[in-house]
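Structural features, examined
Here's the letter readout for the chains.
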Number of protein chains: 2
Amino acid sequence: MSRTTHIISPTWIAPVLPRDTLLTGHSLVISGDRIEVLLPRDEAVTQFPDSSETRLDQHLLTPGFVNCHGHAAMTLLRGVADDREMMDWLTNWIWPIEGQLVNEQFVYDGTRLAALEMIMGGTTCAADTYFFPEAAARAFSDMHFRAQVGMPVLQFDNAWAHGEEDHIHKGLAFRDRIRNQPLLTTAFAPHAPYSVTDSGFERVRLYSEQLDTPIHLHLHETATEVSDSIRDHGLRPIARMQKLGILSASLQAVHMTQLREDEIVQLASNGVQVVHCPESNMKLASGTCPIAQLLEAGVNVAIGTDGAASNNDLDMIQEARSASMLSKIESGDATRLSANQCLEMMTLGGAKFLGLSDEIGSLEPGKQADLCAVDLSGPTFQPMFNPVSQLIYTATARDVSTVWIAGRQLLSRGQLVEPDSQSIVKAATNWKKQIEGIVSHE
Amino acid sequence: MSRTTHIISPTWIAPVLPRDTLLTGHSLVISGDRIEVLLPRDEAVTQFPDSSETRLDQHLLTPGFVNCHGHAAMTLLRGVADDREMMDWLTNWIWPIEGQLVNEQFVYDGTRLAALEMIMGGTTCAADTYFFPEAAARAFSDMHFRAQVGMPVLQFDNAWAHGEEDHIHKGLAFRDRIRNQPLLTTAFAPHAPYSVTDSGFERVRLYSEQLDTPIHLHLHETATEVSDSIRDHGLRPIARMQKLGILSASLQAVHMTQLREDEIVQLASNGVQVVHCPESNMKLASGTCPIAQLLEAGVNVAIGTDGAASNNDLDMIQEARSASMLSKIESGDATRLSANQCLEMMTLGGAKFLGLSDEIGSLEPGKQADLCAVDLSGPTFQPMFNPVSQLIYTATARDVSTVWIAGRQLLSRGQLVEPDSQSIVKAATNWKKQIEGIVSHE
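Note that the structure is a prediction, hence the values are computed from the model and not measured. (Residues numbered from 1 in each chain as written. Chains lettered and ligands numbered in written order. Predicted model: local features only at pLDDT ≥ 70, side-chain atom pairs only at ≥ 80, totals over all residues. Heavy atoms only, no water.)

Right, let's get into the relation of the copies chain A and chain B. For the match of chain A to chain B, the screw axis carries a shift of 0.0 Å, the RMSD comes to 0.0 Å, and the turn is 180°. Expressed as a symmetry operation, the mapping of one chain copy onto the other fits a two-fold axis. Minimal C-alpha separation from the rotation axis in chain A is found for Arg398(A), amounting to 3.4 Å. The share of interface residues of chain A whose copies in chain B are also at the interface is 100%, consistent with both copies meeting through the same surface. (Least-squares fit on C-alpha atoms with pLDDT ≥ 70 in both. Contact = heavy atoms within 4.5 Å.)

Encoded structure:
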């Protein structure tokens, strides 16, 4: 065999496909950046005698988690303004700080901090949208992190671009520049119905079709968004998107609260995919996405943390737990969103959402070796009846032990393999001083 | 000074009282089992020159957390039956297993496992109710853990007692035996309106008044409980408890979902205290406790994890976060249950709930030295704008570093000071085999 192989032997493997499978005493063999095979450990050691081996006692190996919505650079604003009403939070805190500080370096430093936190928490791929996408892409690349980087489109001026035309122009130039980076994909990211004009959406739709590129859009985040749209356009946001040709299989719809039954049918029949951000929706009191009904209607639902400024972490395990608990309490049905369903949503569901399910999202031969091993040995996980239940209902990002992206080991027993976290934290601390300077003047 | 003093010097101290205070560069001095004083670190070192000192860089020191509702021994049933409807969960899984296995050793082993998890997560006091309270009390004592141990009362027979009379008799005998243990208190724990008769409640009330001992009761946990009570007694459970004289300042009411506005007023005017268990309520789809309205009405609200079998952990930090997020989304108001309010609920609110606020719940001179230090140094907490926000919205039990109960250090940098966790985990693993034997026969 020409490529280097490596054997990973955890106590349990949850490959996600085939569904609800739990393998015990098995190994997963990596060859280069891909999964070669899964088989009983003794066979693995016999068939690959020259391979090195990582043994992970009392660990559960799963596909790396796929965080389908976030604003990585906003990690620098984590905790700067909690417990505030959403428009107060945005207009009096987040936007003024962003207006004064956001530049290439801010985005690069914040994105590296987010990627560091995500890697430490078992997330191996994220969908990101923010200004200066080239800086975010560079940060993700430097961290060897897989990402869909959004090309933001807004009618409002900001440090990166001026008006919708300029956003689209700069976004397309960015897209051309990163085309050959194997870990990166792109999406058009019109910000929201209230910040993009009809003609902006029409141009985005045109390019999306021509370039076969998805559209990532905040949609139906709050009740105010819906009532403002009726006031300004005579239509609910979903109806306006339908009219503009945006409701299609290319649409990655973010948040999706305030949904009527007929709208759920409409989303399903148009092949729209949804990303649910339960903790951001709860913390900002935005509303609830009816994921149980969406799943029943056949809509693919992924999970996202949203930015750390409204969460306040990027922990996909806790996010899946929150999704499950919120779904159970909202529907009054404790059987909704089981642990296995959560695991599928945060891996394969996310991969489908990003159009990457041929490459990631399950542990199958030929797929990319994006892997997460969670240490379930502590007293908190005892007694151990069901590792997937313990993952979803008991573990947190802090229990993630070992992580690979595209076959490269990035985290080993909770420690970064290439430890440069100090420089990342130092940069964050420097930004903190500048942010506090602005906040104290407000 | 005759008693040994010790200086604890963290980066931040949140004493809870005075409210919303955050001290930086201060030390807390312990003398014996009590808090001596809080003062700037340089003054502490000068005033107590012979003291040893624990420096805790980038740590937040708070009062130990008070977990006001749980069934410690049920930690042995963690994850045995997730994603099930509540009565299916109880009648087909929990009760059959309990019926066959629960004995003194089960309760002792399970309670030690729970105490271990709670200590590792910064919880220093818990309200517990289960069968064989003497075994639970022995386990808490052996772990040097502070607890209110319930004297269970049920009309149904079980391994510990037969009928209400026998429960009360055995409970009172237990109460006499542990009277001199400084870390333990007791409460009558009639199980629930549907499992205790009117005469059982009347006897409990009588003894509660005579012995000045609180009553800890599951009340209004589900909509079914309310409708069954109307069917069987012609009254909602709260009205029945009012009629039986149970609604008083002695009542520790657990769960409290399905509340009408007039019932909230009734609770407040009777001085009833409430413990909110958000994660158990969500996971079992029981319903929501309207804590924002209860707090507004002047009701003291504490936080509890409930048993690990319906949670699935005993992490008070995550529980407070869930309480905050659930309150925000239910009320549609993102300013509800701020981080500072959460910290007060999980410390001083809990202390009041248990009648212990003269002794614990805040960091004030003369109070018991029950302390929790959380390590906020990791990348996940950067940048650091507000340590209390980061505690509630970002940290988990896994970030708790150092813990004292009554002046004795039990956890140091995440490690047990007297490490006997292996024997506790081994006992849990042995019970797991017996439980699986029963489950596989169902």
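A surface patch of nonpolar side chains, about 280 Å² in accessible area, is lined by Met87(A), Trp95(A) and Tyr194(A). Among the secondary structure elements, Trp95(A) is positioned in helix H2 (residues 86-101). (Patch = residues over 30% accessible without salt bridge, like charges linked within 9 Å, V, L, I, M, F, W, Y side chains within 5 Å. Areas by Shrake-Rupley, 256 points an atom, 1.4 Å probe, with all protein chains shown as cover. Salt bridge = Lys/Arg side-chain N within 4 Å of Asp/Glu carboxyl O. Helix = DSSP H or I, 4+ residues; strand = E, 2+ residues; numbered from the N terminus.)

Let us look at the domain arrangement of chain A. All names here are of chain A. Its domain assignment divides chain A into domain 1 (5-63 + 368-406) and domain 2 (65-353). Opposite the 25 residues of domain 1 that make contact, domain 2 presents 27 residues. In total, domain 1 and domain 2 occlude about 2,200 Å² of area from one another, counting both sides; carbon and sulfur atoms represent 65% of this. Of all residues in domain 1, Ile392, Tyr393 and Ile405 bury the most surface against domain 2, accounting for 31% of the area lost on that side. For the pair domain 1 and domain 2, the interface holds two salt bridges. Between Asp370 and Arg146 there is a salt bridge, with the nearest N and O atoms lying 2.7 Å from each other. Looking at the side of domain 1 that touches domain 2, the elements that each hand over two or more residues are strand S5 (52-63), strand S14 (371-375), helix H14 (387-393) and strand S15 (400-405). For the side of domain 1 that touches domain 2, the element with the most residues is H14, which contributes five residues. In terms of residue class, the side of domain 1 that touches domain 2 is made up of 17 nonpolar, five polar and three charged. (Domains from an automatic or database assignment. Buried area = accessible area lost by both parts, 1.4 Å probe. Nonpolar A, V, L, I, M, F, W, Y, C, P; charged D, E, K, R; others polar.)

The next subject is the interface of chain A and chain B. Each partner contributes to the interface: chain A provides 61 residues, whereas chain B provides 61 residues. Summing both sides of the interface, chain A and chain B together bury roughly 4,800 Å²; the carbon and sulfur share of this comes to 61%. Summed over the three residues of chain A that lose the most area to chain B, namely Asp83(A), Phe385(A) and Arg398(A), the buried surface amounts to 16% of that side. Summed over the shared surface of chain A and chain B, the number is four salt bridges. Inspection of the region where chain A meets chain B yields 24 residue pairs in polar contact (both at pLDDT 80 or more). Put simply, the parts of the chain that give the side of chain A that touches chain B at least two residues each are helix H3 (104-120), helix H10 (278-283), helix H12 (316-331), H14 and helix H15 (421-439) of chain A. Residues that form the side of chain A that touches chain B fall into these classes: 25 nonpolar, 19 polar and 17 charged. (Polar contact = N/O pair within 3.5 Å; in protein donor to acceptor, adjacent residues only side chain to side chain.)

Now for the pairing of strand S5 (residues 52-63) of chain B. Residues and elements named next belong to chain B. The pairing of strand S1 (residues 5-13) with S5 spans seven bridges and is parallel. Of the residues in S5, the one forming a bridge with Ser9 is Arg55. One ladder, built from five bridges, connects S5 with strand S14 (residues 371-375); its direction is antiparallel. Each bridged residue has a counterpart across the sheet, and for Leu60 the counterpart in S14 is Val374. (Pairing = 2+ DSSP bridges.)

Let's shift gears to the state of the cysteines. Linking two cysteines covalently through their sulfur atoms gives a disulfide. Counted under the stated rule, the structure contains zero disulfides over all chains. There is no disulfide at Cys289(A), and the cysteine sulfur nearest it, in Cys277(A), is 8.7 Å away. With no disulfide of its own, Cys342(B) lies closest to Cys289(B) among cysteine sulfurs, the gap being 13 Å. (Disulfide = S-S within 2.5 Å.)

So, about the pattern of salt bridges. With the rule as written, the count across this model stands at 49 salt bridges over all chains. Notably, a salt bridge pairs Lys367(A) with Glu364(A), separated by 3.4 Å at the nearest N-O pair. Since its relative accessible area comes to 6%, Lys367(A) is described here as buried. With relative accessibility at 28%, the residue Glu364(A) sits in the partly exposed group. One salt bridge connects Asp232(B) with Arg231(B), and the closest N-O pair in it is separated by 2.8 Å. (Buried < 20%, exposed > 50% of the residue type's maximum accessible area, 1.4 Å probe, protein only.)

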